[in-house]
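Listed below, chain by chain, are the residues.
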Amino acid sequence: MPRTTTIVLGVIGADVHAVGNKILEMTFSDAGFKVVNLGVMVSQEEFINAAVETDAAAILVSSLYGHGEMDCRGLREKCRESGIGKILLYAGGNLVVGKRTFSQVEAMYREMGFDRVYPPGVMPDVAIADLRKDLGL
Amino acid sequence: MKALLIDFGSTYTKAALANLDPPGLIGTAQALTTASTDLLEGLQTALAEFGRAELDGIAVKRACSSAAGGLRIVAIGLVPALTAKAAREAALGAGARVLATYAYTLTSREIGEIRGLRPDMLLLAGGADGGEQRTILDNAALIAESGLGVPVVYAGNKVAADQASLLLRGRVPRVIVAANVMPEVNVLQTEPARQAIRELYLQEITKAKGLERIQREVGLAMPTPLAVMRGGELLQRSWQQSVVMVDIGGATTDIHSFDDGKPTAAGVILKGLPEPFVKRTVEGDLGMRLSAAALLQAVGAERLQSQLPFLPEDGELQDYVNRISASKDVLPRNGRESLIERALAIACIREALVRHAGHLEEAFTPSGRLWIQQGKDLTRADLLVGIGGVLAHAGDPYDMLRQALQIEDSLTLTPKQPRLYLDRHYLLAAVGLLSDIYPQAAEALLGETLAPSEV
Ligand code: B12
């Protein structure tokens, strides 16, 4: 029997937007993933600690309040330092700030080491399909 | 019907004799602990203080012990802030001295350190249930190969439990598998591990320490800190108050809190692994004799001086500390030394409380200021109970507690205005020994030993 795949979920930084996080927890659980939801105001270290203890396959980072770039920088490097350098990193929420286009923002997050980057208002189903593909499920 | 309750401490063996029906204290007695020969010798000396008739009709004998080093545990987990911390909490909650806590895969150097620490048992955790299992399996294999020969309580990822015990069986004296100390991220579950530790303590450790006879003859039931903790639990339950206890000894200062420690102010967010309702911390560098030098170093001469009504001469503090560190039973010889002793005790209490209690960190968010709470908020604790010879023998124990509570820093979540009590007959361990079998008698002893401050 294949083990259920664990993902770690949370809203990064000083961000308190809680509604989308709950929706993501529900939809990913319904899709058969074991979701470790760290809630809002989650630090990079908390994401990584939880992923290490649960042997998670992916970390899904939300940022809604416009400071995502600052909060997300260095997460991939810290994962490498913690022995989970290859873990999948997804980001979504309101990552576009100011006059930038989504493709610019996407390129920036990919350079920061994120495997997938989502525009505002994306449907969770899209990410679920991507995750299955990325994990070969 | 009477009960004889004994605490084999590292310095003193204390005996309490109590009536069970109607419940009440008959008396207490103590003598120097005779760990080097036979613990029962010291007990006999103590019991000689009671009259023959008083010792008639003893129906219950129960003892706890912190002699022979107490219960010495090394805790091992995966991530420092999660399973390593959870393992440490569980061991402390079982009344153990946690000699060291390790995280991730053990190195050969760390195995060497563990050997040098001579633990009575290892508490092995790591991984949430269904989560990471390589590290805990590697650690089990390393422990098996190391020849440490120490019993192991396994309280990690349940999925790896069978394989880990297979690795360990036959290579260590005993393996007990308990439920995970952290079954899910940020969920703390210490009770099963605490029970497993107690089981091992009664079955294996007492054997290894030559305490079997004590166990047979006087019913050795648990390590002393666990008895004290159970005394505190009864106090919290029966008085329906949140309680903090400070127990100052020669080598360590223990704090126990019985409180959920949730935030008491608006705009505060709790993060990380939850705190246990019953939490114990042990400070090995805060003590009145063996650890006096470490205490002076930890708090610094300057802060000690601020508690003194006179300016000490050059080296005066250090000289006194050197003198008391050398022996367990030296006492202050004059007024100046008594005041230094008093300042040392206040420093112990304050520092131990600050380390036990949680604190707030300011976080600036776009919508304003928030606070992140780490650890327990004990600002609204109802009672603070002082335990230990330094306080019991002091002229003004409540003033000492009050001074220790004066902490300016508003981000430190120590008790603010608790009602103050003293364990004047040193009975909390005895209360804890009785609390599960004779709760009413235990409550009566609580009432007799807890002395409130007048104001
Ligand atoms: C409600 C709300 C608040 C509430 C939040 C209450 C709470 N505890 O949840 C309060 C009043 C506290 C608040 C405060 C602030 N807010 Co506000 N808030 C909103 C609002 C109106 C709705 C958010 C919401 O719940 N949406 C519904 C959920 C279901 O959608 P969602 O959060 O976007 O999540 C979905 C998707 O984005 C996606 N998703 C999210 N993360 C991820 C991750 C991955 C990997 C994937 C695949 C998908 C994914 O899936 C989710 C589920 O479908 C939005 C505007 C809006 N209409 O979105 C502004 C909004 C998010 N807030 C905004 C701002 C600026 C703020 C404040 C800074 C305002 C201020 N100056 O005080 C503060 C910041 C506070 C803080 N520290 O976080 C801005 C952010 C602008 C930006 N990013 O550029 C917005 C967009 C409003 C705006 N247009 O200006 N806010």
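Note that the structure is predicted; figures quoted are calculated from it, not measured. (Residues numbered from 1 in each chain as written. Chains lettered and ligands numbered in written order. Predicted model: local features only at pLDDT ≥ 70, side-chain atom pairs only at ≥ 80, totals over all residues. Heavy atoms only, no water.)

## Thoughts on the overall build of chain B
Of the regular secondary structure elements, chain B holds 16 helices and 19 strands. Here the C-alpha radius of gyration of chain B, 22 Å, is about what a compact globule of 455 residues would show, namely 23 Å. With the principal axes as the frame, chain B shows a C-alpha extent of 65 × 60 × 45 Å. Of the contacts made within chain B by residues no fewer than 6 positions apart, 70% connect residues no fewer than 24 positions apart. Accessible surface, chain B as shown: approximately 18,800 Å² in total, 49% of it carbon and sulfur. For chain B, the distance from the average position of its 45 positive side-chain charges to the average position of its 52 negative side-chain charges is 3 Å. (Helix = DSSP H or I, 4+ residues; strand = E, 2+ residues; numbered from the N terminus. Rg over C-alpha atoms; globule rule 2.2 N^0.38 Å. Contact = heavy atoms within 4.5 Å. Areas by Shrake-Rupley, 256 points an atom, 1.4 Å probe, with all protein chains shown as cover. Lys, Arg positive; Asp, Glu negative; His and termini not counted. Charge placed at Lys NZ, Arg CZ, Asp CG, Glu CD.)

## So, helix α16 (residues 439–449) of chain B
Among the residues of α16 of chain B, those classed as buried are A441, A442, L445, L446 and T449 of chain B. Seen from one end, α16 of chain B has its buried residues packed into an arc of 150°, which puts them on one side. (Buried < 20%, exposed > 50% of the residue type's maximum accessible area, 1.4 Å probe, protein only. Arc of directions from axis to C-beta.)

## Quick look at the packing of helix α9 (residues 292–299) of chain B against helix α11 (residues 316–325) of chain B
Residue and element names in this part refer to chain B. Where α9 contacts α11, the two axes come as close as 8 Å, and the packing angle between them is 145°. Together, A292, A293 and L296 of α9 and Q318, V321, I324 and S325 of α11 make up the contact between the two elements. Its residues placed into classes, the contact of α9 with α11 shows five nonpolar, two polar and no charged. (Axes fitted to C-alpha atoms, helices over the stretch in contact; angles between N-to-C directions. Nonpolar A, V, L, I, M, F, W, Y, C, P; charged D, E, K, R; others polar.)

## A short note on empty space enclosed by the protein
All names here are of chain B. Considering all chains together, one arrives at one cavity of 30 Å³ or more under this definition. Along its surface, the largest cavity is lined by V299, R303, L304, Q307, A347 and R350. Among the elements of the structure, α10 (301–305) and α12 (335–356) are those that each provide at least two residues to the lining of the largest cavity. Classifying every residue of the lining of the largest cavity gives three nonpolar, one polar and two charged. (1 Å grid on protein atoms, 1.4 Å probe; cavity = no way out; pocket = protein on both sides within 12 Å on 5 of 7 lines; lining within 4 Å. Points joined across faces, edges and corners; volume = space filled by probe spheres on them.)

## Digging into the layout of surface pockets
Which parts of space are left empty comes out when a probe the size of a water molecule is rolled across the atoms. Of the pockets and cavities examined, the second largest pocket occupies roughly 820 Å³. What lines the second largest pocket is a set of 38 residues, among which K85, K271, G272, Q374 and G375 of chain B lie closest to the centre. Mapped onto the lining of the second largest pocket, the elements with two or more residues apiece are α2 (44–54) of chain A together with α2 (80–93), β14 (278–283), α12, β15 (359–365) and β16 (368–374) of chain B. It is α2 of chain B that provides the largest number of residues to the lining of the second largest pocket, a total of six residues.

## Looking at the pattern of salt bridges
A side chain of one charge can pair with a side chain of the opposite charge when the charged atoms of the two come close. Tallied over the entire structure, the rule returns 33 salt bridges over all chains. Among the salt bridges present, the one from D115 of chain A reaches R76 of chain A, with a minimum N-O distance of 2.9 Å. Within this pair, whereas D115 of chain A is found in the loop between α5 (102–111) and β5 (116–117), its partner R76 of chain A is found in helix α4 (residues 75–81), the two being separated by 39 residues in sequence. On the accessibility criterion, D115 of chain A (29% relative accessible area) is partly exposed. Note that R336 of chain B and E316 of chain B form a salt bridge whose closest N and O atoms lie 2.8 Å from each other. Linking R336 of chain B in helix α12 with E316 of chain B in helix α11, this pair joins segments that are 20 residues apart in sequence. Given a relative accessible area of 32%, R336 of chain B falls into the partly exposed group. Accessibility expressed as a relative area gives 17% for E316 of chain B, which makes it buried. Three or more residues are tied together by salt bridges with common partners; here these are E283, D285, R303, E351 and R355 of chain B. (Salt bridge = Lys/Arg side-chain N within 4 Å of Asp/Glu carboxyl O.)

## Looking at unusual backbone geometry
The amide bond that connects D21 of chain B to the next residue, P22 of chain B, takes the cis arrangement and shows omega of -5°. With respect to the helices and strands, the residue P22 of chain B is situated in the loop between β2 (12–20) and β3 (23–32). One non-glycine residue with positive phi stands out, namely D55 of chain A, at about 55°. Given a relative accessible area of 28%, D55 of chain A falls into the partly exposed group. Backbone geometry places N186 of chain B, a non-glycine residue, at a positive phi of 65°. Within the secondary structure, N186 of chain B sits in the loop between β9 (175–177) and α6 (191–208).

## Looking at the site of the ligand
Taken together, 25 residues form the shell around the ligand, and within it V16, H17, A18, S62 and L64 of chain A come nearest. Chains contributing residues to the immediate surroundings of the ligand are chains A and B. At 3.5 Å from a nitrogen atom of the ligand is found a main-chain nitrogen or oxygen belonging to G92 of chain A. The set of elements that each furnish at least two residues to the shell around the ligand consists of α1 (19–30), β3 (58–63) and β4 (88–93) of chain A. (Near = heavy atom within 4 Å. Polar contact = N/O pair within 3.5 Å; in protein donor to acceptor, adjacent residues only side chain to side chain.)

## Notes on the confidence of the model for chain B
For chain B, mean pLDDT is 94; residues scoring 70 or higher make up 100% of the total. Here the prediction assigns the complex a pTM of 0.91, and the interface score ipTM is 0.88. (pLDDT = per-residue confidence, 0-100.)

## A closer look at the sheet that holds strand β13 (residues 268–270) of chain B
Residue and element names in this part refer to chain B. A sheet is described by the order of its strands in space; here three strands give the open sequence β13-β16-β15, paired in mixed fashion. Whereas interior strands pair on both sides, the edge strands pair on one side only; in this sheet they are β13 and β15. Averaged over neighbouring strand pairs, the angle between their axes works out to 35° when direction is ignored. Here β13 runs beside β16; their pairing, made up of three bridges, is parallel. Bridge assignment links V268 to a residue of β16, and that residue is W371. (Pairing = 2+ DSSP bridges.)

## So, the side chain of S453 of chain B
Residue and element names in this part refer to chain B. With respect to the element layout, S453 can be found in the segment after β19 (450–452). What makes S453 buried here is its relative accessible area of 12%. With residues near it in sequence (within four places) discarded, S453 still touches Y398, R402 and L420.

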